[in-house]
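Structural characterization, general
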Amino acid sequence: MNSKSLVMIIIFAVVVLVGQSTLYIVKETERAVLLKFGEVAEADVAPGLHFKIPVMNKVRKFDSRILTLDARPQAYLTLEKKRLIVDSFVKWRVADVQKYYTATSGNEFTAAQLLSDRVDTGLRNQFGERTVTEVVSGEREQLMSELTKNLSEIAIQSLGVEVVDVRVKRIDLPQEVSESVYDRMRTEREREAREIRSRGKELAEGIRADADRQKTVIQAEAYRESEQIRGEGDAIAANNYAGAYTKNPEFYSFHRSLQAYRESFGRSGDVLVLKPDSDFFKYMGQPKAE
């Protein structure tokens, strides 16, 4: 390697070092401040390629995307002094770069810790103004909306960060409160079950009584119709018998006598005592005298 090549390499190295010391890039997903001997010289450096003076200037970059702070579960008292264990999280981002750097020295952990304290205070105040029912279901959305708005105003003024959203992931009752709530819910459900069972019993008795009444009415109607039909049949039969008798009274009398003979002598062992000249033997001829 000759001296000319060595000189070129040294010049190139110097250029690279100077370039690294004087040039810096701010990405679209970053916010940056330019410092001059430790003080903020440029509060919010735009994304792109920029120059700085070595030694005199330094650049601090921060993530400008929405960040998540997952707070530790905390215990809060409601309006009726019921203790709840609340697990929440916060969505936030850097809004005022200069104020953010001044308040936190650009340390994301410090910013999260300071923001967590403010979230804890805000949740404590909001829960203290509401009952268990309101914070669990009734006014939960309103609570989150008010808390997000209030925290965002406070955080921008004091920390330079914007609170995008505050959400409660889970609300748990302490063991002693859970047992009392469970007992109250079980008692309420048992009372409702008794009321429903009582109403069902009354309804069943009404249905059964109506069914018995309808059964009695149907049976009475059926009996009446059957008696009416039987009466009509008997009338028709009597009319037929009367018509047949008037056409041939002698044959009708003979037929009736045969029926009487069949019924009288149809069973063995029966004894019938009659006079020889009785009309019963009219069609059997006179018995011979011995």
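Right, let's walk through the structure included here. (Residues numbered from 1 in each chain as written. Predicted model: local features only at pLDDT ≥ 70, side-chain atom pairs only at ≥ 80, totals over all residues. Heavy atoms only, no water.)

On to the overall build of the chain, then. Helix and strand content of the chain: seven helices and nine strands. By the burial criterion, 21% of the 290 residues in the chain qualify as buried. Summarising the internal contacts of the chain: among those between residues at least 6 apart in sequence, 60% fall at separations of at least 24. Accessible surface for the chain amounts to roughly 20700 Å². Of this, 55% is attributable to carbon and sulfur atoms. (Helix = DSSP H or I, 4+ residues; strand = E, 2+ residues; numbered from the N terminus. Buried < 20%, exposed > 50% of the residue type's maximum accessible area, 1.4 Å probe, protein only. Contact = heavy atoms within 4.5 Å. Areas by Shrake-Rupley, 256 points an atom, 1.4 Å probe, with all protein chains shown as cover.)

Computed from the structure, the largest pocket encloses a volume of approximately 260 Å³. What lines the largest pocket is a set of 15 residues, and nearest its centre among them are A71, R72, Q113, S116 and D117. Mapped onto the lining of the largest pocket, the elements with two or more residues apiece are strand 6 (67–70), strand 7 (74–77) and helix 3 (108–128). A per-element tally of the lining of the largest pocket places helix 3 first, with eight residues. (1 Å grid on protein atoms, 1.4 Å probe; cavity = no way out; pocket = protein on both sides within 12 Å on 5 of 7 lines; lining within 4 Å. Points joined across faces, edges and corners; volume = space filled by probe spheres on them.)

What follows deals with the pattern of salt bridges. Applying the stated rule across the entire model yields 13 salt bridges. Residue D70 is joined to K169 by a salt bridge in which the shortest nitrogen-to-oxygen separation is 3.0 Å. Taken as a pair, D70 in strand 6 and K169 in strand 9 (residues 161–172) lie far apart in primary sequence, 99 residues in all. Residue classification places K169 among the partly exposed residues on the basis of a relative accessible area of 41%. Taking the shortest distance from any N to any O, the salt bridge between E195 and R191 comes out at 2.5 Å. Taken together, the residues span about one helical turn, with E195 and R191 both in helix 6 (residues 175–247) at a distance of four residues. Residue classification places E195 among the partly exposed residues on the basis of a relative accessible area of 36%. (Salt bridge = Lys/Arg side-chain N within 4 Å of Asp/Glu carboxyl O.)

This part is about unusual backbone geometry. Phi at K81 is positive, roughly 65°, even though this residue is not glycine. Looking at the element boundaries, K81 is found in the loop between strand 7 and strand 8 (83–94). Even without a glycine there, the phi angle at S105 is positive, about 60°. The residue S105 is located in the loop between helix 2 (97–104) and helix 3 in this model. Judged by relative accessible area, which is 48%, S105 ranks as partly exposed.

If you check which residues of helix 2 are buried, you get V97, Y100, Y101 and T104. End-on view of helix 2: buried residues confined to an arc of 95°, all on one side of the axis. The N-cap of helix 2, judged by a side-chain oxygen 3.3 Å from the amide nitrogen of Q98 a few residues on, is D96. Two residues or fewer past helix 2, S105 is found with a positive phi of approximately 60°. (Arc of directions from axis to C-beta. Polar contact = N/O pair within 3.5 Å; in protein donor to acceptor, adjacent residues only side chain to side chain.)

Further remarks concern the packing of helix 3 against helix 5 (residues 140–158). Contact pair helix 3 / helix 5: the axes reach a minimum separation of 10 Å and the direction vectors enclose 145°. At the point where helix 3 passes helix 5, the crossing takes the right-handed sense. Within the contact between the two elements, helix 3 uses L115, R118, V119, G122, L123, Q126 and F127 and helix 5 uses L143, M144, E146, L147, N150, L151, I154, A155 and S158. (Axes fitted to C-alpha atoms, helices over the stretch in contact; angles between N-to-C directions. Left-handed = near helix turned anticlockwise from the far one by under 90°.)

Honestly, that's just the spatial picture; any functional story needs more than this.
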